[in-house]
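Listed below, chain by chain, are the residues.
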Amino acid sequence: QVQLVESGGGLVQAGGSLRLSCAASGSIFSIDAMGWYRQAPGKQRELVAVITSGGRADYADSVKGRFTISRDNIKDTVYLQMNSLEPEDTAVYFCWVMIRVVVSSPWVNYWGQGIQVTVSS
């Protein structure tokens, strides 16, 4: 069993910052890519940022230069530092992790429960 626990969301004024964390725990043999998605009301879930096991990061165009994704491979945790937040960033943010639970098992996508980020104007 694998659990993903997110933290760090909340309400912030435009221009402010928040830092999201997502810690993976349980039966984990290996973690590949990790990332963050978001879903605003009435919209589809979209990729925000992803980071590979080697540390390469990619971002949605809408957050480039404002958000930074990072990971701690010892703690099995992925972070999303969000600066210069805009009302358009308001959404439920979901962490995503690709995990192999035993050496011979396939890679499986796991999702966090989602955490609300609200940016007021």
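Further up the page is the structure itself.
Residues numbered from 1 in each chain as written. Predicted model: local features only at pLDDT ≥ 70, side-chain atom pairs only at ≥ 80, totals over all residues. Heavy atoms only, no water.

(A) Geometry of the overall build of the protein. What the protein contains, in helices and strands, is 0 helices and 11 strands. For the protein, the sequential pattern of α-helices and β-strands runs β-β-β-β-β-β-β-β-β-β-β. Taking 2.2 N^0.38 as the reference for a compact globule, 121 residues should give roughly 14 Å; the C-alpha atoms of the protein span a radius of gyration of 14 Å, in line with that estimate. Reported as C-alpha extents along the three principal axes, the dimensions of the protein are approximately 50 × 25 × 25 Å. Of all 121 residues assigned to the protein, the portion counted as buried reaches 39%. Sequence separation of at least 24 residues holds for 57% of the intrachain contacts in the protein that already meet a minimum separation of 6. The centroid of the 10 positive side-chain charges in the protein is displaced by 3 Å from the centroid of its 10 negative side-chain charges. (Helix = DSSP H or I, 4+ residues; strand = E, 2+ residues; numbered from the N terminus. Rg over C-alpha atoms; globule rule 2.2 N^0.38 Å. Buried < 20%, exposed > 50% of the residue type's maximum accessible area, 1.4 Å probe, protein only. Contact = heavy atoms within 4.5 Å. Lys, Arg positive; Asp, Glu negative; His and termini not counted. Charge placed at Lys NZ, Arg CZ, Asp CG, Glu CD.)

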